[in-house]
Amino acid sequence: MSKSAIIREVKLNNGYKLILKKAEVEDAPKMVEYLNIIGGQSDNLLFGKNEFHLNIEQEKEYLKNLDNTPNTLMLLGLVDGKLVSTAQISASGRKRIAHNSEIAISVIKDYWHMGIGTAVMEELINYAQNTKTIKNVTLGVRKGNDNAIKLYEKLGFIKVGEHKDFFNIDGKFYDEILMEMYI
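Residues numbered from 1 in each chain as written. Predicted model: local features only at pLDDT ≥ 70, side-chain atom pairs only at ≥ 80, totals over all residues. Heavy atoms only, no water.

So, about the packing of helix α1 (residues 28–38) against helix α2 (residues 56–66). Any two packed helices are characterised by how steeply their axes cross, that is the angle between the axes, and by the distance between the axes. As a packed pair, α1 and α2 sit with axes 9 Å apart at the nearest point and diverge in direction by 115°. With respect to their mutual orientation, α1 and α2 come out roughly perpendicular. Viewed along their axes, α1 and α2 form a crossing whose handedness is right-handed. Taken together, the residues of α2 that come into contact with α1 (itself represented by A28, P29, M31 and V32) are I56, E59, K60 and L63. The residue inventory of the contact of α1 with α2, partitioned by class, reads six nonpolar, no polar and two charged. (Axes fitted to C-alpha atoms, helices over the stretch in contact; angles between N-to-C directions. Helix = DSSP H or I, 4+ residues; strand = E, 2+ residues; numbered from the N terminus. Parallel < 35°, antiparallel > 145°, perpendicular 65-115°, else oblique. Left-handed = near helix turned anticlockwise from the far one by under 90°. Contact = heavy atoms within 4.5 Å. Nonpolar A, V, L, I, M, F, W, Y, C, P; charged D, E, K, R; others polar.)

What follows is the structure, given as structure tokens:
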């Protein structure tokens with residue numbers, strides 16, 4: 001891990017140290033493994049176990065392209081060298097909507113309720129505020145994911161709408177709650 005990639009270190013609720021770092025090309029193998037595992041740990045993501053669609057080379061290329069994408073940050077969370085969280089904020093490159101961004105976040109199940117989600121979200125919000133371009137931050141959350149909804153509301157997000165039957169998980173449909181923060 002390059003020192004320049006480290007953004008912040010955070011002491012977690014349980015005393016562990018979380019390292020927040022910018023994702024780098026050499027992180028691709030860990031990320032692909034992580035994403036294929038985490039998909040099977042929760043019904044709150046857009047994909048299930050082993051449904052992450054990029055291989056290591058494709059993920060490397062994706063990470064390379066992120067470096068050339070303005071107002072975008074992929075953030076990794078590590079505890080004792082283990083990848084425990086991935087998150088991303090990204091804004092459109094289209095001039096008329098470049099002030100809008102979207103956040104996606106995941107935390108591996110063994111590390112829930114330790115403060116990782118809060119630390120990661122705070123860092124992404126801080127990033128958005130420092131761009132001076134991003135004015136709106138949006139996210140979608142599965143209805144019934146009450147812990148995530150409480151976290152987002154605590155950080156200042158408000159509910160602005162719903163997509164009916166957005167998620168199809170094993171043949172059962174769930175609505176998506178749309179949330180926004182205005183910077």
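So, on to the pattern of salt bridges. On inspection of all chains with the given rule, the structure shows ten salt bridges. D27 is paired through a salt bridge with K21; the nearest N and O atoms lie 2.5 Å apart. Each member of the pair, D27 together with K21, is buried. A salt bridge links K143 to E162; the nearest nitrogen and oxygen atoms lie 3.5 Å apart. (Salt bridge = Lys/Arg side-chain N within 4 Å of Asp/Glu carboxyl O. Buried < 20%, exposed > 50% of the residue type's maximum accessible area, 1.4 Å probe, protein only.)

Among the nonpolar cores identified, the biggest contains 53 residues, and L18, M121, Y152 and F157 are the most heavily contacted of them. Broken down by element, this core gets its largest block of residues, seven residues, from helix α3 (residues 116–131). Apart from residues no more than four positions distant in its own chain, F157 is found in contact with I103, M121, I125, V137, L139, Y152, M179, E180 and M181. (Core = buried A, V, L, I, M, F, W, Y, C linked by side-chain atoms within 4.5 Å.)

This paragraph deals with the sheet that holds strand β4 (residues 82–91). One open sheet holds the eight strands; their spatial order is β1-β2-β3-β4-β5-β6-β8-β7, and the pairing between them is mixed. Because the sheet does not close on itself, it has two edges, and the strands there are β1 (6–11) and β7 (158–169). The sheet shows a mean angle of 25° between the axes of neighbouring strands, taken without regard to direction. In the sheet, strand β6 (residues 136–142) pairs with strand β8 (residues 172–182) via seven bridges, with the strands oriented antiparallel. (Pairing = 2+ DSSP bridges.)

This brings us to unusual backbone geometry. For residues other than glycine, phi is negative in most cases, and the peptide bonds are mostly trans. With phi around 65°, H113 is a residue other than glycine that occupies positive phi space. Even without a glycine there, the phi angle at K132 is positive, about 65°. Within the element layout of this structure, K132 appears in the loop between α3 and β6. Overall, K132 belongs to the exposed group, its relative accessible area being 67%.

Listed in full, the buried residues belonging to α1 are A28, M31, V32, Y34, L35, N36 and I38. Of the surrounding secondary structure, the elements contacted by the buried residues of α1 are α2, β3 (72–79), β4 and β5 (100–107).

Turning to the side chain of N136, a few remarks are in order. You can see N136 is positioned in strand β6. Polar side-chain contacts of N136 include one of 2.6 Å to the side chain of N100. Apart from the residues within four sequence positions on either side, N136 is in contact with H99, N100, S101, M181 and Y182. (Polar contact = N/O pair within 3.5 Å; in protein donor to acceptor, adjacent residues only side chain to side chain.)

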